[in-house]
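Listed below are the residues making up each chain.
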Amino acid sequence: MYLHIPHLRIARPVSSLALSKAMYCEGLNFQVLGGFSGHDGFDGVMLGLPGAAYHLEFIVSHQHPAPPTPTVEDLLVFYLPDHAEWEAACACMRAAGFAQAPSANPYWEVKGVTFVDHDGYRTVLQNAKSPV
């Protein structure tokens, strides 16, 4: 169907661009890939890993405030099959200020750890190979 694999952007409203940027750059080793200010009332930052097929966009709207409204099942899941790499990534998340929390779905507790950011968004670091 596609001639090229699409690039995925996950956009989320946040309460603080600076805090979200700091947490995700430190916790997931993301880099700032781009950003904008005053774009039709929106400020934003794009974070990720160069060359990856995805990135996160965090936005703040000054004209149409959209408060963060995550649920316990709105998850970013990163599969890290190497145990030492997974443990180091979990330590980075804690050091970046993410809170460790029990998962609403017990599946993620078997080989993973769920982390929650300052707005309530959840990230799971799964110590396993991706199922796909």
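Fair warning: this is a prediction, and the values are worked out from it, not measured in the lab. (Residues numbered from 1 in each chain as written. Predicted model: local features only at pLDDT ≥ 70, side-chain atom pairs only at ≥ 80, totals over all residues. Heavy atoms only, no water.)

## Overview of the overall build of the chain
Inclusion rule: Strands here are runs of E lasting at least two residues and helices are runs of H or I lasting at least four, both read from the DSSP assignment and numbered beginning at the N terminus. The globule rule used here is 2.2 Å times the number of residues to the 0.38 power, and the radius of gyration it is set against is calculated over C-alpha atoms. What sets the accessible areas is the Shrake-Rupley method with a 1.4 Å probe; for residues, cover comes only from the shown protein chains. The positive count covers Lys and Arg only, the negative count covers Asp and Glu only, and His and the chain ends enter neither. Note on charges: their place is set at NZ of Lys, CZ of Arg, CG of Asp or CD of Glu.
Along the chain, the regular secondary structure elements total three helices and eight strands. Scanning the chain from its N terminus toward the C terminus, one meets helices and strands in the order β-α-β-β-β-β-α-β-α-β-β. Against the 2.2 N^0.38 benchmark of 14 Å for 132 residues, the chain shows a C-alpha radius of gyration of 15 Å, consistent with a compact globule. In the form shown here, the chain has an accessible surface area of approximately 7,700 Å², with 60% of it arising from carbon and sulfur atoms. Once the 7 positive and 12 negative side-chain charges of the chain are each reduced to a mean point, those two points are 5 Å apart.

## Some words on the environment of Cys25
Worth spelling out the cut-off: Note on contacts: a residue pair qualifies if any of its non-hydrogen atoms lie within 4.5 Å across the two residues.
Here Cys25 shows up in helix 1 (residues 17-28). Along the sequence, Cys25 and Ala96 sit 71 residues apart, while their C-alpha atoms lie 8.4 Å from each other. The residues contacting Cys25, other than those within four sequence positions of it, are Phe30, Gln31, Val32 and Leu47.

## Concerning the packing of aromatic side chains
Our working definition: Centre distance within 6.5 Å is the pairing criterion for rings of Phe, Tyr and Trp, where only the six-membered ring of Trp is used; planes under 30 degrees apart are then read as stacked, over 60 as edge-to-face, and the remainder as tilted. Working definition: with a 1.4 Å probe on protein chains only, accessible area under 20% of the residue-type maximum means buried, over 50% means exposed, and in between means partly exposed.
The tally for this structure, following the rule as stated, stands at six aromatic pairs. Ring geometry for Tyr54 versus Phe78: centroids 6.1 Å apart, planes at 55°, classification tilted. Residue Tyr54 is found in strand 4 (residues 54-61), and its partner Phe78 is found in strand 5 (residues 75-79); the two are separated by 24 residues along the sequence. Judged by its relative accessible area of 17%, Phe78 falls in the buried class. Site record: aromatic cluster; members linked through ring pairs are Tyr24, Phe58 and Phe98.

## Quick notes on unusual backbone geometry
When glycine is set aside, most residues are seen to have a negative phi, and most peptide bonds are trans. Phi at Asn29 takes a positive value of approximately 60°, unusual for a residue other than glycine. Assignment of secondary structure puts Asn29 in the loop between helix 1 and strand 2 (31-39). According to the relative accessible area criterion, Asn29 is exposed, its value standing at 58%.

## Comments concerning the sheet that holds strand 1 (residues 8-13)
Strand pairing within a sheet occurs via backbone hydrogen bonds; the two strands may be parallel or antiparallel. The line we're drawing: In short, DSSP must find at least two bridges between two strands for them to pair. The axes are straight lines fitted to the C-alpha atoms, using for helices just the contacting stretch, and the angles between their N-to-C directions are given from 0 to 180°.
Here four strands make up an open sheet; going across it, the order is 1-4-3-2 and the pairing mixed. The two strands at the open ends of the sheet, each matched to only one other strand, are strand 1 and strand 2. Strand-to-strand, the axes of this sheet are offset by a mean angle of 20°, without reference to chain direction. Here strand 1 pairs with strand 4 via six bridges, running parallel.

## Looking at the side chain of Ser103
We count it as follows: Two N or O atoms count as a polar contact when they lie within 3.5 Å, although within protein this holds only if one can serve as hydrogen donor and the other as acceptor, and sequence-adjacent residues are included solely when both atoms are side-chain atoms.
Checked against the element boundaries, Ser103 lands in the loop between strand 6 (99-101) and helix 3 (107-111). A residue is classified by how much of its surface remains accessible, and Ser103, at 13% relative accessible area, is buried. A distance of 3.0 Å separates a polar atom in the side chain of Ser103 from the backbone oxygen of Asn105. If we skip the residues at most four places from it in the chain, Ser103 touches Trp108, Glu109, Thr114 and Arg122.

## Description of the nonpolar core
The condition is simple: Grouping buried Ala, Val, Leu, Ile, Met, Phe, Trp, Tyr and Cys residues that are joined through side-chain atoms within 4.5 Å yields what is termed a nonpolar core.
Membership of the largest hydrophobic core comes to 24 residues, with the highest contact counts inside it found for Tyr24 and Leu125. Within the residue set of this core, elements represented by two or more residues are helix 1, strand 3 (42-48), strand 4, strand 5, helix 2 (83-95) and strand 7 (112-116).

## Considerations on the side chain of Asp43
Threshold: Just to be clear on terms, a salt bridge is a Lys or Arg side-chain nitrogen sitting within 4 Å of an Asp or Glu carboxyl oxygen.
Relative to the helices and strands, Asp43 is located in strand 3. Among buried charged residues, Asp43 stands out as having no salt bridge; its nearest opposite-charge side chain is Lys21, 12 Å away. Separated by 2.7 Å, the side chain of Asp43 and the backbone nitrogen of Gly38 make a polar contact. Aside from chain neighbours lying at most four places away, what touches Asp43 is Leu17, Phe36, Ser37, Gly38, Phe58, Ile59, Val60 and His62.

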